[in-house]
Structures are given as C-alpha cells and as structure tokens.
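What follows is the residue order along each chain.
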Amino acid sequence: QVQLVESGGGLVQAGGSLRLSCATSERTFSTYAMGWFRQAPGKEREFVAGINWSGGSTGYVDSVKGRFTISRDNGKNTVYLQMNSLKPEDTAVYYCAARIDSGIYYSQVGYHYWGQGTQVTVSS
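Read on for an overview of the structure.

1. Let's talk about the overall build of the protein chain
- Counting its regular elements, the protein chain contains zero helices and 11 strands.
- Sequence-ordered secondary structure for the protein chain, helices as α and strands as β, is β-β-β-β-β-β-β-β-β-β-β.
- At 13 Å, the protein chain has a C-alpha radius of gyration in line with the 14 Å of a compact globule built from 124 residues.
- Projected onto its principal axes, the C-alpha coordinates of the protein chain cover approximately 40 × 25 × 25 Å.
- Expressed as a percentage of the 124 residues in the protein chain, the buried residues total 45%.
- Pairs at least 24 apart in sequence give 58% of the contacts found in the protein chain among residues at least 6 apart.
- Here the protein chain displays about 6200 Å² of accessible surface, and carbon together with sulfur accounts for 45% of that area.
- Placing the 11 positive and 9 negative side-chain charges of the protein chain at their respective mean positions leaves the two points 3 Å apart.

Next up, the structure:
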C-alpha cells in the first residue's frame, strides 16, 4: 500500500499563497503520475492539477490556471502544489493522489492511492 502524506494547508487571506506538499516513501514514486484534488463542503471532489511521471507534462482545471502550479521532485519522492492569488472559493480539503501509470488523468477514478487530505481555508 502506497502511503501519501500531505502538508502545508492552513488559513490564509484572499490574495495570499500556500504551498502544499505530498510525500511518500514509495520507491516507485517516479513512475507514477500524480494529482491534486479538492473537496469543498457539500460539493463533490474535483480535479485541480495533475503531473506526469517526469514532470514534463501538467494539467489544470480552468479555475486555477495561472494561479496554481504543480511540480514534483522525484529525488525527494514529493509532489507540490503552489497556490497563489488564493480566493475564498479555493477553500476545501485538498487531497494528493497517485496513479499507477505515467500519464496525467483528469478524473479521480483513475487514481489508485490517496492521502488523508489537508485543509485550506481562504478568508475574504
């Protein structure tokens, strides 16, 4: 079982920034595509950003394009989500997910392992 541990969530004012991290001890991390998802209260979990195995390809939901950046460091078995210009509507629990495949997938059904989530709250 692959364990993913998110960190970096918290409370921030609108316009501020946070960087989420997701780390694993899984030795095959560099072969997995990774994704970030979020779930706001009363809403379904949605795809936020994805990155392929090498970091050479990324994808984003339209609402975060130009504000969020996903990246990875395969030497550290870690994927990041840099979130800038945060808005109150970005408030959610953010989840890291791993896909046993090298390419990005935009739906949660394509991911095999999940972290426990980290809360991001953006105040207006």
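Structure shown, so let's carry the discussion forward.
2. Here's the deal with unusual backbone geometry
- Notably, asparagine 77 is not glycine yet its phi reads approximately 50°, a positive angle.
- Note on placement: asparagine 77 falls in the loop between strand 7 (68-73) and strand 8 (78-83).
- Even without glycine at this site, serine 85 takes up a positive phi of about 50°.
- Here serine 85 lies in the loop between strand 8 and strand 9 (92-99).

3. Overview of the side chain of threonine 118
- Structurally, threonine 118 can be placed in strand 11 (residues 118-123).
- Side-chain polar atoms of threonine 118 contact the backbone nitrogen of glycine 9, separated by 3.3 Å.
- Apart from residues no more than four positions distant in its own chain, threonine 118 is found in contact with Glu6, Gly8, Gly9, Leu20, Ala92, Val93 and Tyr94.

4. Some points on the sheet that holds strand 8
- Across the sheet, which stays open at both edges, the four strands sit in the order 1-3-8-7 with antiparallel pairing between neighbours. The open sheet is flanked by strand 1 (5-7) and strand 7, the only strands paired with a single partner. Strand-to-strand, the axes of this sheet are offset by a mean angle of 15°, without reference to chain direction.
- Sheet analysis places strand 1 next to strand 3 (residues 18-23), joined by three bridges and oriented antiparallel. Directly across from valine 5, in strand 3, lies its bridge partner alanine 23.

5. Remarks on the state of the cysteines
- What the rule picks out here adds up to one disulfide.
- Across the disulfide from cysteine 22 sits cysteine 96; the S-S distance is 2.0 Å. The sign of the S-S torsion, about -70°, decides the handedness of the disulfide formed by cysteine 22 and cysteine 96: left-handed. With a gap of 74 residues between them, cysteine 22 in strand 3 and cysteine 96 in strand 9 connect regions that are remote in the sequence.
- The exposure class assigned to cysteine 96 is buried, which follows from its relative accessible area of 0%.

6. Topic: the pairing of strand 9
- Where burial is concerned, most of strand 9 is hidden: seven out of the eight residues are buried.
- Looking at chain direction, strand 4 (residues 33-39) and strand 9 are connected through seven bridges and run antiparallel. From the neighbouring strand, tryptophan 36 faces strand 9, where its bridge partner is cysteine 96.
- Here strand 9 pairs with strand 10 (residues 113-114) via two bridges, running antiparallel.

Conventions and cut-offs
- Going along each chain's sequence as written, the residues are numbered from 1 onward.
- Restriction of local features to residues with pLDDT of at least 70 applies here, the model being predicted, together with a cutoff of 80 or more for giving and counting side-chain atom pairs; totals for whole chains, interfaces and linings are based on all residues.
- Calculation of side-chain values draws on the structure's entire complement of heavy atoms; hydrogens and water are dropped beforehand.
- The way it works is that DSSP assigns letters per residue, a run of H or I at least four long becomes a helix, a run of E at least two long becomes a strand, and they are numbered from the N terminus.
- Only C-alpha atoms enter the radius of gyration; for comparison, a globular chain is expected to reach 2.2 Å times N to the power 0.38, where N is the number of residues.
- Exposure is judged per residue with a 1.4 Å probe applied to protein chains only, and the accessible area is read against the type maximum: over 50% gives exposed, under 20% gives buried, and values in between give partly exposed.
- We call two residues contacting when some pair of their heavy atoms lies within 4.5 Å.
- For the accessible areas, the method is Shrake-Rupley and the probe is 1.4 Å, while residue cover comes only from the protein chains on display.
- Counted as positive: Lys and Arg. Counted as negative: Asp and Glu, with His and the chain ends omitted from the count.
- Positions of charges follow a simple convention, taking NZ of Lys, CZ of Arg, CG of Asp or CD of Glu.
- Any pair of nitrogen or oxygen atoms within 3.5 Å is treated as a polar contact; in protein, a donor-acceptor pairing is required on top of that, and neighbouring residues in sequence qualify only through side-chain atoms on both sides.
- For two strands to pair, DSSP has to find at least two bridges joining them.
- Orientation is described by lines fitted to C-alpha atoms, with helices fitted over the stretch in contact, and by angles between N-to-C directions that extend from 0 to 180 degrees.
- Disulfides are defined in this document as cysteine sulfur pairs within 2.5 Å.

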